Amino acid sequence: MSQPCWPLFAENLHKSYVLHGVRIAILRGAGLVAAPGETIAIIGRSGAGKSTLLHLLGGLDRPDSGTVQIGGQAIYGLSARKRAQLRARQIGFVFQAYHLLPEMNITENVMLPAMAVGGVSRRTMLQHAETLLTRVGLSERLQHTPLELSGGEQQRAAIARALMNKPPLILADEPTGNLDAGTGSDILELLFDLTKERKAVLVMVTHNPETAARCSKTLKLEDGLLIQA
């Protein structure tokens, strides 16, 4: 099954937690493969482990067993430092909560992934961040702090931040969950357009069947396994 050239490959992922002395299995052998440019929706009931799965795919948490490869690199064979570097270069995250730093303006927030990687001048980072913010419709807000923006504007800034290092993989966890229907639709359109432009893989957790229908593939997390929906 292994195809190291794929942008994202996950196999036989197991994850459990201990709660009040009882071990609860969340994932029981989940796996998926994503081809370049593919958009994948992950659906399932509340508490099925969708966010847990996304955290494992993104290297934010370790599985009990199983493998995740990003661009052919097995991420859980790396040290914590190298895994963090890979995350910064290869993965863009978009969460339901925007996770923008309130003490920074949005341009500085968008620059953070590039600052984590280093290797380019601040001026280059700044120009790229401003270009992305213009692309997401925030050219008039470059110096504003997150608290001065609406929810939709904050999520646009979060999408720009996710794309700062031109990652081949975008992981989105209910990215429109805090937004009204109209704003959420606009945000989804933007997210799909930008990932398509960059031929990136988009894996998105969603509870909305209409959102899932817009993806090229929909997988359901059920009993700890991913099945074709």
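You'll find the structure just up there.
Residues numbered from 1 in each chain as written. Predicted model: local features only at pLDDT ≥ 70, side-chain atom pairs only at ≥ 80, totals over all residues. Heavy atoms only, no water.

Now for the pattern of salt bridges. Counted under the stated rule, the structure contains seven salt bridges. As a salt-bridge pair, glutamate 197 and arginine 135 come within 2.6 Å of each other at their nearest N and O atoms. One end of the pair, glutamate 197, is in helix 6 (residues 181-197); the other, arginine 135, is in helix 4 (residues 122-135), with 62 residues separating them in the sequence. With its nearest N and O atoms 3.4 Å apart, the salt bridge here joins glutamate 197 to arginine 198. For glutamate 197, a relative accessible area of 46% puts it in the partly exposed group. Counted as one network, the salt bridges with shared partners bring together Arg135, Glu197 and Arg198. (Salt bridge = Lys/Arg side-chain N within 4 Å of Asp/Glu carboxyl O. Helix = DSSP H or I, 4+ residues; strand = E, 2+ residues; numbered from the N terminus. Buried < 20%, exposed > 50% of the residue type's maximum accessible area, 1.4 Å probe, protein only.)

Attention shifts here to the packing of helix 3 (residues 106-117) against helix 5 (residues 151-162). Remark: helix 3 packs on helix 5, axes separated minimally by 7 Å, with the N-to-C direction vectors making an angle of 30°. Relative to helix 5, the element helix 3 lies roughly parallel. Judged by the sense of rotation from one axis to the other, the crossing of helix 3 with helix 5 is right-handed. Along the contact surface, helix 3 presents Ile106, Asn109, Val110 and Pro113, while helix 5 presents Ala157, Ala160 and Arg161. The residue makeup of the contact of helix 3 with helix 5, split by class, is five nonpolar, one polar and one charged. (Axes fitted to C-alpha atoms, helices over the stretch in contact; angles between N-to-C directions. Parallel < 35°, antiparallel > 145°, perpendicular 65-115°, else oblique. Left-handed = near helix turned anticlockwise from the far one by under 90°. Contact = heavy atoms within 4.5 Å. Nonpolar A, V, L, I, M, F, W, Y, C, P; charged D, E, K, R; others polar.)

All right, on to a nonpolar patch on the surface then. On the surface, Leu19, Val22 and Ile24 cluster together into a nonpolar patch covering about 250 Å² of accessible area. The topology assignment puts leucine 19 in strand 1 (residues 8-19). (Patch = residues over 30% accessible without salt bridge, like charges linked within 9 Å, V, L, I, M, F, W, Y side chains within 5 Å. Areas by Shrake-Rupley, 256 points an atom, 1.4 Å probe, with all protein chains shown as cover.)

Along the chain, the position of glutamate 174 falls in the loop between strand 7 (169-173) and helix 6. We note that glutamate 174 is buried and unpaired, the nearest opposite charge coming from lysine 50 at a distance of 5.5 Å. Contact partners of glutamate 174, with chain neighbours within four places excluded, come to Gln96, Val205, Thr206 and His207. (Lys, Arg positive; Asp, Glu negative; His and termini not counted.)

According to the stated counting rule, one finds two aromatic pairs in the structure shown. Seen in terms of ring centroids, phenylalanine 93 and phenylalanine 95 are 5.7 Å apart; in terms of plane orientation they differ by 5°. Their pairing is stacked. With relative accessibility at 16%, the residue phenylalanine 93 sits in the buried group. (Phe/Tyr/Trp six-rings, centres within 6.5 Å; stacked < 30°, edge-to-face > 60°.)

Quick look at the pairing of strand 4 (residues 65-70) now. Note that strand 1 and strand 4 share five bridges and pair antiparallel. The residue of strand 4 that forms the bridge with glutamate 11 is threonine 67. Summarising the sheet, strand 4 and strand 5 (residues 73-74) pair through two bridges and their orientation is antiparallel. By the bridge assignment for strand 5, isoleucine 70 is matched with glutamine 73. From the end of strand 4 to the start of strand 5, which pair antiparallel, there are two residues, and glycine 71 there has a positive phi angle of about 60°. (Pairing = 2+ DSSP bridges.)

A large share of strand 3 (residues 39-43) lies buried, amounting to four of its five residues. In the sheet, strand 3 pairs with strand 8 (residues 201-205) via four bridges, with the strands oriented parallel. Bridge assignment links isoleucine 42 to a residue of strand 8, and that residue is valine 205. When strand 3 meets strand 9 (residues 217-222), the two strands line up parallel, connected through four bridges. Bridge pairing in strand 9 links isoleucine 43 to lysine 220.

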